[in-house]
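Here are the chains, one letter per residue:
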Amino acid sequence: MKMHFYKYQGTGNDFVMIDNRSIDFPKKNKELVARLCDRRFGIGADGLILLDPSETTDFKMVYYNADGNESSMCGNGGRCIVAFAKQLGIIQEQTTFDAVDGLHEATIKEGIVSLRMIDIDKIDSFEKHTFIDTGSPHHVEFRENVDSIDVKSEGAEIRNGAPYHEAGSNVNFAMQKNENSFKVRTFERGVEDETLACGTGVTAVALAAHRNKLTNSNAINLEVMGGNLEVSFIEKDGSYTEVYLTGPAKLVFEGTFDI
């Protein structure tokens, strides 16, 4: 059986995208998902995303990590599925879609996707790190030189350590460049390695920077390994609303895979 797929990337965060409006993808086949995402024996990606039909919105996003497990929200994946939906003719420049963490609004214009993330009213700040769930759990540490960090090694240690244990957390190391700009490197659970970008991760970094008074800006630039993203928001009484993740999302190639 041959399956048609599309490969998308958002600032280097790459995904296998499948139009699953016919609901014929074997969702419980973790081995298949992992094989499709394998960079040596498959297509190669940080994750796989199904575009499912929805009775109440334009479509539904179902996200799998590269290890084959269905996972929590992926910000860059959310931006990529918006570009994918436009390519399929499902949407034009605006959309509302459903994901594991609820409804998301988005706009797309000239390849730039602005995705509304969930509102945040709980941020836990500790002596050396901040924890925020931005649709996925994120541990954030601000360091003086992120370029010298062994992200895979340190990230794996934190990801599996207390208090995260088996469920794990994504891990972000961030360095302030100027008043409203930060460089970010992220270890993603499920991929179990550093990725070139993480949308929910840079969202967590931006909100953590604002909460910890590293910046007063409500539009923050994030430099990641794969490019640049922006996170904007409105803050009132410690809660963050109208949180938007903005950046490019591009089709890389399409093809068929024998399953």
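Here is a short report on the structure shown in this document. Each chain carries its own residue numbering, running from 1 in the direction its sequence is written. Only residues with pLDDT of 70 or above have their local features reported here, since the model is predicted, and side-chain atom pairs are shown and tallied only from 80 upward, although totals for entire chains, interfaces and linings are computed over all residues. Note: side-chain values were computed over all heavy atoms of the structure, leaving out hydrogens and water.

Focus: the pattern of salt bridges
Filter applied, for reference: By convention in these notes, a salt bridge is any Lys or Arg side-chain nitrogen within 4 Å of a carboxyl oxygen on Asp or Glu. Residue burial is assigned from relative accessible area. The probe radius is 1.4 Å, only protein chains are included, and a residue is buried under 20% of its type maximum, exposed over 50%, and partly exposed in between.
Under the defined criterion, the tally for this structure stands at 14 salt bridges. One salt bridge in this structure joins E141 and R143, with 2.9 Å as the shortest N-O distance. Using a relative accessible area of 12% as the deciding quantity, one classes E141 as buried. What makes R143 partly exposed here is its relative accessible area of 28%. Measuring nitrogen to oxygen at the nearest pair gives 2.8 Å for the salt bridge that ties E194 to R185. Members of the salt-bridge network, linked through shared partners, are K7, D14, R39 and D46.

Remarks on unusual backbone geometry
Rules: Helix and strand labels come from DSSP, where a helix needs a run of H or I of at least four residues and a strand needs a run of E of at least two; each type is numbered from the N terminus.
In this structure, the amide linkage connecting A162 to the following residue, P163, adopts the cis form with an omega of 5 degrees. Following the sequence through the fold, P163 ends up in the loop between helix 3 (151-160) and strand 11 (170-178). Backbone geometry at T11 places phi at a positive 50 degrees, although glycine is not the residue there. One can find T11 in the loop between strand 1 (2-10) and strand 2 (13-19). The class of T11 is buried, set by a relative accessible area of 3%. The residue D237 is not glycine, and still its phi comes out positive at about 55 degrees. On the secondary structure map, D237 appears in the loop between strand 15 (227-236) and strand 16 (239-248). Judged by its relative accessible area of 73%, D237 is exposed.

Let's talk about the nonpolar core
This is how the line gets drawn: Residues enter a nonpolar core if they are buried and are Ala, Val, Leu, Ile, Met, Phe, Trp, Tyr or Cys, with the set joined through side-chain atoms within 4.5 Å. Residues count as neighbours in contact if any of their non-hydrogen atoms are within 4.5 Å of one another.
Within the largest apolar cluster, 50 residues are counted, with the highest numbers of intra-cluster contacts made by M17, M61, I81, F97, V202, L222 and V231. Per element, the largest residue contribution to this core is seven residues, and it comes from helix 4 (residues 199-211). Here L222 is in contact with F182, V184, V202, V205, A206, G227, N228, L229, E230 and V231, once residues within four sequence places are set aside. By size, the runner-up hydrophobic cluster in this structure holds 17 residues, among which are M3, V16, L50 and F257.

Description of empty space enclosed by the protein
For clarity, the threshold we go by: Using a 1 Å grid laid over the protein atoms alone, points where a 1.4 Å probe fits but cannot get out form a cavity; open sets with protein on both sides within 12 Å along at least 5 of 7 lines form a pocket; any residue with an atom within 4 Å of a point counts as lining. Grid points are joined across faces, edges and corners, and a volume is the space filled by probe spheres set on the points. Only Asp, Glu, Lys and Arg are considered charged, only Ala, Val, Leu, Ile, Met, Phe, Trp, Tyr, Cys and Pro nonpolar, and every remaining residue, Gly among them, polar.
Tallying each qualifying case throughout the model produces one cavity of 30 Å³ or more. Taken as a whole, the largest cavity holds about 90 Å³ of empty space. Y63, N65, S71, S72, M73, C74, S136, N170, E188, R189, C198 and T200 together form the lining of the largest cavity. A per-class count over the lining of the largest cavity returns four nonpolar, six polar and two charged.

Concerning the layout of surface pockets
In this structure, the largest pocket occupies an estimated 290 Å³ of space. Breaking the lining of the largest pocket down by element, the ones donating at least two residues are helix 1 (30-37) and strand 13 (193-195). Class assignment of the residues belonging to the lining of the largest pocket gives a composition of six nonpolar, one polar and seven charged.

Observations regarding helix 2 (residues 75-87)
Inclusion rule: By definition here, a helix of n residues has an expected span of 1.5 Å times n minus one.
The terminal C-alpha atoms of helix 2, which comprises 13 residues, lie 19 Å apart, in line with the 18 Å expected from a rise of 1.5 Å per residue. Considered for burial, the residues of helix 2 that qualify are G75, N76, G77, G78, R79, C80, I81, V82, A83, F84 and A85.

Thoughts on the environment of G255
Inspection of the secondary structure puts G255 in strand 17 (residues 250-258). Between the C-alpha atoms of G255 and K2, which are 253 residues apart in sequence, the distance is 9.8 Å. In contact with G255, other than residues within four places in its own chain, are M3, H4 and F5.

As for the packing of aromatic side chains
For any pair of aromatic rings, the description consists of the separation of the ring centres together with the inter-plane angle of the planes. Selection criterion: Working definition: rings of Phe, Tyr and Trp (its six-membered ring) pair if their centres are within 6.5 Å, and the pair is stacked with planes under 30 degrees apart, edge-to-face with planes over 60 apart, and tilted otherwise.
Following the criterion strictly, the structure yields eight aromatic pairs and no others. Ring centres 4.9 Å apart and planes at 50 degrees place the aromatic pair Y6 and F84 in the tilted group. Here Y6 is found in strand 1, whereas its partner F84 is found in helix 2, with 78 residues between them in sequence. Judged by its relative accessible area of 12%, Y6 falls in the buried class. Take F84: its relative accessible area is 0%, and that puts it in the buried class. Arranged with centres 6.2 Å apart and planes meeting at 75 degrees, the rings of F15 and Y63 form a pair that is edge-to-face. Taken as a pair, F15 in strand 2 and Y63 in strand 4 (residues 60-65) lie far apart in primary sequence, 48 residues in all.

Regarding the environment of G168
Considering the arrangement of structural elements, one finds G168 in the loop between helix 3 and strand 11. Along the chain, G168 and E157 lie eleven residues apart, while their C-alpha atoms are 10 Å from each other. Among residues more than four places away in sequence, those in contact with G168 are P137, R159 and R189.

What is shown is where atoms sit, not what they do.
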